[in-house]
Amino acid sequence: MSTPFKRWALLFTVASGLLLVALDNSILYTALPSLERDLGATRDQALWIINAYPLVMAGLLLGAGTLGDRIGHRRMFAIGLWIFGLASVAAAFSPSANALIGARAALAVGAAAMMPATLALIRVVFTDTRERNLAIAIWGSVALVGAALGPVIGGLLLARFWWGSVFLVNVPVVAIALVATPLLAPRGRPQAGRPWDAWSSVLALLALSGLVLGIKSLASAPPDAVLAGSGAAAFVLAGAAFVRRQARLPHPLLDFALLRHPGLLAGVLAAAFTTFGIGGLQLVTTQRFQLVEGLSPLHAGLLVSTMALGALPAALVGGAVLHRTGLRPLMSGGLALAALGAAVLAATLGAGIGWTLLGCLLTGLGLGATISVASIAIVGNVPAHRAGMASAVEEVSYELGALLAVALLGSLMSALYTVFMVLPEGAPAAAQAGLIDALALAESGHGAGEAFVQAAVSAYDRAFVVVVMITAAALAAAAAITAALLRGRYGQAPEAGH
């Protein structure tokens, strides 16, 4: 058995890797205007620069989790760190938008190797139930706080350096973690004789790519029916092939029987909706306050970092009191509070920055309470030898939520702006492409004066309110669903040995 010092030092080490993975999900939100300007990225390329990361990661996570069970989670974590560090350097010095998209995909490969290993190592090392619950709550709070602080750190770096600095910041943390991992992490017992099916990972990636392509094509203006249909077909065919293949394999990447446990299923849904909520709200809020209010990337990042101020204490308290409250009040109640926060953010737009801060704070409090127990509900309801698979399921849930937030809400924001934008007489039609284009035209003297700018801002704000209210509705629905799943004994905290 490891000493308390080694256990908590290991938690700090794997949490540092998780922090990098979470930061890279959101650190580019405040950098998008700079990327579009410096790399000449189109709006679609900018969204793919963000989307490539969670998309590739989500597609590879299931394979990475079970591969970690086979070769050892310590080794998988180290491999992931090496890939992540090298890809960070490549991303920082990308000469074009397409090169950066490729580097982001490589970052996702490293992140996919690290993520399940972090939680699996915690699951193996912390054997006491309450200690493990607190450790997982801290782990979850790092993921949420990392995502929330991404725009702030991005803003701080952009205030002094070029956009590539948001990737170079990863390198020293990777170096320290590479030194600490072999000293602190147990070797484990790799299941070397267990086969690993790479083709299942390919099918999962194809299905998710089709889903994202379909969503983006439907939400574009005008909708592209051909691409949407192609994406839907890829999602259905690859998804069906993946499910059939898992049913035939003696050692599947995903045992769907795990999802029959109501407590575990509630954790999966809560994890997905948590990152959907924070990812979507951060993306549209940072963009709106930069473009409409004229905030710097740093100030826009500080604004949404209010979510982190609420999330961190809520997550830590949730992990500490779980054995008394059970899962239901924290998970479902947290999602309901987050829905209220999002509704406040939408309903009070224009009423003052104080209301915006209140909405972000309430959202953070709610999502912090939820994330503190979502991971516990997933990992605590499987045996130790399934730790890698359960960790991968949990990570797929988080990444799928973030992926859908950017693909759906980011594309919907652009599409609704186009719908709501009523061009004043004489205004160029190019202004309907996006608010950035409209403001650029106005500054160049090709717009139609103040009326033109006001029309563009009004359309953008209407789109913002609709997108945030959709997010609030999704969080409220998740609260109701998880409350139903966690009735009776399924709402109790998982016990050691499960």
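Computed from a predicted model, the values in this text were never measured in an experiment.

**Quick look at the overall build of the chain**
Then, in step 1: Helices and strands together make up the secondary structure of the chain, namely 18 helices and 0 strands.
Then, in step 2: Going through the 498 residues of the chain one by one, you find that 58% of them count as buried.
Then, in step 3: Of the contacts formed within the chain by residues at least 6 apart in sequence, a portion of 83% connects residues at least 24 apart.
Then, in step 4: For the chain, the accessible area works out to roughly 18600 Å², and carbon and sulfur atoms hold 69% of it.

**A few points about a nonpolar patch on the surface**
Then, in step 1: Residues Val-89, Phe-93, Phe-161, Trp-162 and Val-171 make up a contiguous nonpolar surface patch of roughly 470 Å² in combined accessible area.
Then, in step 2: For Phe-93, the position within the fold is in the loop between α4 (73-92) and α5 (97-125).

**Examining the confidence of the model for the chain**
Then, in step 1: Here the chain shows a mean pLDDT of 79. Residues at 70 or above account for 85%.
Then, in step 2: Taken element by element, the chain is modelled with least confidence in helix α17 (residues 435-443), mean pLDDT 62, and with most confidence in helix α14 (residues 327-347), mean pLDDT 91.

**Quick notes on the nonpolar core**
Then, in step 1: Judged by nonpolar contacts, the single largest core of 133 residues is most densely connected at Met-57, Phe-84 and Phe-167.
Then, in step 2: Non-local contacts of Phe-167, meaning those with residues more than four positions away in its chain, are made with Asp-24, Leu-28, Ser-88, Ala-91, Ala-92, Leu-100, Arg-104 and Leu-107.
Then, in step 3: One finds Leu-55, Ala-58, Leu-208 and Ile-215 within the second-largest nonpolar core, a separate group that totals 7 residues.

**Let's talk about the packing of helix α13 (residues 306-325) against α14**
Describing two packed helices takes the angle between their axes plus the distance from one axis to the other.
Then, in step 1: Across the interface, α13 lies against α14 with an axial gap of 7 Å and an inter-helix angle of 125°. Viewed along their axes, α13 and α14 adopt a mutual orientation that is oblique. In this structure, α13 uses Gly-318, Val-321, Leu-322 and Thr-325 to contact α14, whose residues at the interface are Leu-327, Pro-329 and Leu-330.
Then, in step 2: Here the contact of α13 with α14 is built from residues that sort into 5 nonpolar, 2 polar and no charged.

**Examining the pattern of salt bridges**
Then, in step 1: In this structure the tally under the stated criterion is 1 salt bridge.
Then, in step 2: The shortest N-O distance in the salt bridge between Asp-461 and Arg-288 comes to 2.8 Å. With Asp-461 in helix α18 (residues 450-485) and Arg-288 in helix α11 (residues 262-291), this pair connects stretches of sequence that are 173 residues apart.
Then, in step 3: Judged by its relative accessible area of 17%, Asp-461 is buried.

**Things to note about the packing of aromatic side chains**
Then, in step 1: Inspection of every chain in the model, using the stated rule, returns 0 aromatic pairs.
Then, in step 2: The residue whose ring lies beneath Arg-288 is Phe-289, and the NZ or CZ to ring-centre distance is 4.7 Å.

**Here we look at the environment of Pro-95**
Then, in step 1: Positionally, Pro-95 belongs in the loop between α4 and α5.
Then, in step 2: Expressed as a C-alpha distance, the spacing of Pro-95 and Leu-39, which sit 56 residues apart in the sequence, is 7.5 Å.

**Considerations on the side chain of Thr-348**
Then, in step 1: Its location among the elements puts Thr-348 in the loop between α14 and α15 (353-379).
Then, in step 2: In this structure the side chain of Thr-348 is engaged in a polar contact, spanning 2.6 Å, whose partner is the backbone oxygen of Val-344.
Then, in step 3: If we skip the residues at most four places from it in the chain, Thr-348 touches Trp-355 and Thr-356.

**A closer look at the side chain of Ser-94**
Then, in step 1: Within the fold, Ser-94 resides in the loop between α4 and α5.
Then, in step 2: Among the polar contacts listed, one links the side chain of Ser-94 to the backbone oxygen of Ala-90, at a separation of 3.0 Å.
Then, in step 3: For Ser-94, the residues in contact, after removing those within four places along its chain, are Leu-39, Ala-99, Leu-100, Ala-103 and Trp-163.

**Quick look at the environment of Ala-343**
Then, in step 1: Residue position: Ala-343 is located in helix α14.
Then, in step 2: Separated by 122 residues in the primary sequence, Ala-343 and Val-465 have C-alpha atoms spaced 9.1 Å apart.
Then, in step 3: Apart from the residues within four sequence positions on either side, Ala-343 is in contact with Met-469 and Ala-472.

**So, the environment of Phe-276**
Then, in step 1: On the secondary structure map, Phe-276 appears in helix α11.
Then, in step 2: Judged by its relative accessible area of 9%, Phe-276 falls in the buried class.
Then, in step 3: For Phe-276 and Leu-404, which are 128 residues apart along the polypeptide, the C-alpha to C-alpha distance reads 6.7 Å.
Then, in step 4: Residues in contact with Phe-276, not counting those within four places in the same chain, are Gly-401, Ala-402, Leu-404, Ala-405, Leu-408, Leu-409, Thr-471 and Ala-474.

So, how was this worked out
- Residues numbered from 1 in each chain as written.
- Predicted model: local features only at pLDDT ≥ 70, side-chain atom pairs only at ≥ 80, totals over all residues.
- Heavy atoms only, no water.
- Helix = DSSP H or I, 4+ residues; strand = E, 2+ residues; numbered from the N terminus.
- Buried < 20%, exposed > 50% of the residue type's maximum accessible area, 1.4 Å probe, protein only.
- Contact = heavy atoms within 4.5 Å.
- Areas by Shrake-Rupley, 256 points an atom, 1.4 Å probe, with all protein chains shown as cover.
- Patch = residues over 30% accessible without salt bridge, like charges linked within 9 Å, V, L, I, M, F, W, Y side chains within 5 Å.
- Salt bridge = Lys/Arg side-chain N within 4 Å of Asp/Glu carboxyl O.
- pLDDT = per-residue confidence, 0-100.
- Core = buried A, V, L, I, M, F, W, Y, C linked by side-chain atoms within 4.5 Å.
- Axes fitted to C-alpha atoms, helices over the stretch in contact; angles between N-to-C directions.
- Parallel < 35°, antiparallel > 145°, perpendicular 65-115°, else oblique.
- Nonpolar A, V, L, I, M, F, W, Y, C, P; charged D, E, K, R; others polar.
- Phe/Tyr/Trp six-rings, centres within 6.5 Å; stacked < 30°, edge-to-face > 60°.
- Lys NZ or Arg CZ within 6 Å of the ring centre and 35° of its normal.
- Polar contact = N/O pair within 3.5 Å; in protein donor to acceptor, adjacent residues only side chain to side chain.

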